[in-house]
Structures are given as structure tokens and as C-alpha cells.
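What the coordinates show
Here is what each chain is made of, one letter per residue.
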Amino acid sequence: MQLHFAKDVLPDSVGTDFQNLNKFNEQTDRFVQQLTEFAGEHGMSAGPLRNLMKSVLLVPQGALKKNLTTEQVKEDLLTLGLNDEKAAHFSSQWGQHYAALSRLAVGQTLMVNQLVDMEWKFGVTVGTSEIQKVGNIFLQLKLVVRKGNSTENVFMELTLPQFYNFLHEMERAKASMECFA
Amino acid sequence: APSKDAVKDVCVQSHRTLNRKLTENTAATFSIPAAQAAQLVQSLHTLSHHVLFYNLTSPDQILAVFPESFHSNLKNLITKILLENSPAWRTEALSHQVSLPQLKELDWRVDLVTSSDSVSRMAVPTCLVQLKMEDPCPSAGGEPVSTVTVELSRESLDTILDGLGRIRDQLAVVAG
């Protein structure tokens, strides 16, 4: 495996590489760019380094998925053939960044019709074509819902009692969620 | 007119819509020619909508609408019928007014997400809210009732409650 080839080159930069790894969920282009820069700095070609990183990334990805401890990550790395010093360094970095990484992974969880934004306005109806003078309070809500790659706007109107009911129900939902805190 | 109830019926029905069937029925009930029946229901319709629009709530206000020479008992009877039905007509008009789809029903459910394709084991709560809305004036061929189901993370729900709280505070200022 190419890990043997990298043993001499990786030592100091493992730290910066982990900044990259923190972003592996998001911008792979930036990551690739940083890899290319790193390759340039150390006088090696980008291609093999990219392949190398693909293999290396398997470790944190699998570790995240299985919620591995620092110890388990270190063991796996040693089994794979990485030397002691680097495995220790890597796994301690893993321990440090684990919380942020798993938050990112959880944040990637599929959500259906995710509510992205809510806008509102309320006012008073002054009159209608049927009744000259009215004085009812109304509330209008605009919900922005993510459907696939685009968003959809949902508009609705609520009377005062409906608004209080909505508020009440949302508070009940929150209380239910709090049970899992 | 054959009876007080007949008068009441024609008033109520003419308020709603005017159509040929109503005219025919009225002509039959009151034993008057069709032309007169048509004029009768039209006049009643205009009268009841006038009362509703200007919110005439006292007998004097309504009586003032009739011409001087109008038959006194009939005038009083019609006024009484109009007064009795006004509140119901007003509520009906308000519920049919031009408006965005109205929120009719709200249901929610809280789920605990235990695993996903990127994380094998987790325990993250999420909330699903279903909103049923009804459009009081749907466009021709459009569906009046629509349903939207939305998923909220805990943070989203907190943000919503934040917003709703602010609305509630502002409402208290306006209404109080």
C-alpha cells in the first residue's frame, strides 16, 4: 500500500491535513486544491497524493459512521501498516476533532421538506366588499420549504385563535423534543 | 304573501344568490308573475346586502331605508327578518372574504432519528408538522384544500418559537 511511501513525507503536515478533513463533508474542490499545493511544496506529483488521500479518508469516514473511539482508530491504523508515531498523532487529532466532525455528519442527515425560513406579517382588516367596516386582526405566514434543490414558498393566513393554537402546538412539540436532550 | 315564513324564506334565499329557480319558486309561492318575482328577489338581495355592508344594526336604521309609503307591517316584518339574519350573514361574509389560504388544521409528530447513511448510530430528534390549508376563494378548477408537511430540526423549531413569541408580544401591544 502506498502508506509506506508516505511515511517519510507526512510528519508535520498531518495537522493541516486535518483542517482539510474537517471539510471533507463539504468542499472537496478546496481540499483537492490544498492537496495540490501540498504536493507542490514537497516536490511530489498531485496524482498519487490524491489517490493516497482517498485511501486515508476511508479511515475517518468509517470511524464516523461507526462512532469509533480514539483507541479503535489507532488500532485500525496500526493494523493498516501506519507506524506508531503517526498512528498516535492521527488518532489524537481524531479525538480532538471528533465532536465537530460528527456534528457535520449528523447535519448531513436526510431531511424531507426541510423548513428553511419563516417570514410573517400581521395587520388589521379594515373593510371588505361585503362589509364596509371590519376590525379583525390577521396574521400571514410565509414558510420557505426546501424541496430537492429548490425552495418552495407556502403562504397562509391565520386568525388570532388559530395563531394561539399554532403557538401552543409548537410549544408542545418542543417539550416533546426536549425529552430527548 | 301567503305567510310570514314565506317572506322570511325569500329574504334569506335572495341574500345568497339570485337564480332562475329562486325566481320561479317565488313566483309560485306568492302567486305573482315571473317579472314581478324577479324584481322582488333582486330588491331583497340589494336590500340585505346594503344592510350588511353598512352594518345597519338598529331597527330605526333599517326602517329608514324604506320609502315613506311602504306598507307598515310588511316593513316591520322585513326589518325583523333582516336583523335576525345579519349576524349569520356577517360571519359568513367574513369567512368567505378574499384571503390567503387559511390554516385549518395542524398536526405534528416528533421522531428520533437512530441512524442514517453517514452515521450508523445516532439519537437526533426531529419534528414533522403537517399543515392543512383551505383557500376560501379558490380559482376555477383549483383545489381549495392543500396540505404541506414540513420537517424541522430542533434549532428550526426553537427559531420558530422565537418568532411566534415575538408575534405574540406585538399582538399583546396592539390588542391591549
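All values reported here derive from a predicted model rather than from experimental measurement.

**Notes on the packing of helix 1 (residues 4–16) of chain B against helix 3 (residues 34–53) of chain B**
Residue and element names in this part refer to chain B. Between helix 1 and helix 3, the least distance of the axes is 8 Å, while the angle of their chain directions is 75°. For the element pair helix 1 / helix 3, the angle class is roughly perpendicular. The residues of helix 3 that touch helix 1, namely those facing Val 10, Cys 11, Ser 14, His 15 and Arg 16, are Val 41, Leu 44, His 45, Ser 48, His 49 and Leu 52.

**Observations regarding the domain arrangement of chain B**
Each domain of chain B was delimited in the assignment, giving domain 1 (4–96) and domain 2 (102–175). The C-alpha-based centres of domain 1 of chain B and domain 2 of chain B are spaced at 45 Å.

**Some words on unusual backbone geometry**
Both trends apply: most residues other than glycine have a negative phi, and most peptide bonds are in trans. Residues and elements named next belong to chain A. In this structure, Asn 67 is a non-glycine residue whose phi angle is positive, near 55°. Tracing the backbone shows Asn 67 in the loop between helix 4 (46–66) and helix 5 (70–80). Taking relative accessible area as the criterion, Asn 67 reaches 26% and is therefore assigned partly exposed. A positive phi is found at Asn 113, a non-glycine position, where the angle reads about 50°. Relative to the assigned elements, Asn 113 resides in the loop between helix 6 (84–107) and strand 1 (114–125).

Criteria and cut-off values
Residues numbered from 1 in each chain as written. Chains lettered and ligands numbered in written order. Predicted model: local features only at pLDDT ≥ 70, side-chain atom pairs only at ≥ 80, totals over all residues. Heavy atoms only, no water. Axes fitted to C-alpha atoms, helices over the stretch in contact; angles between N-to-C directions. Helix = DSSP H or I, 4+ residues; strand = E, 2+ residues; numbered from the N terminus. Parallel < 35°, antiparallel > 145°, perpendicular 65-115°, else oblique. Contact = heavy atoms within 4.5 Å. Domains from an automatic or database assignment. Buried < 20%, exposed > 50% of the residue type's maximum accessible area, 1.4 Å probe, protein only.

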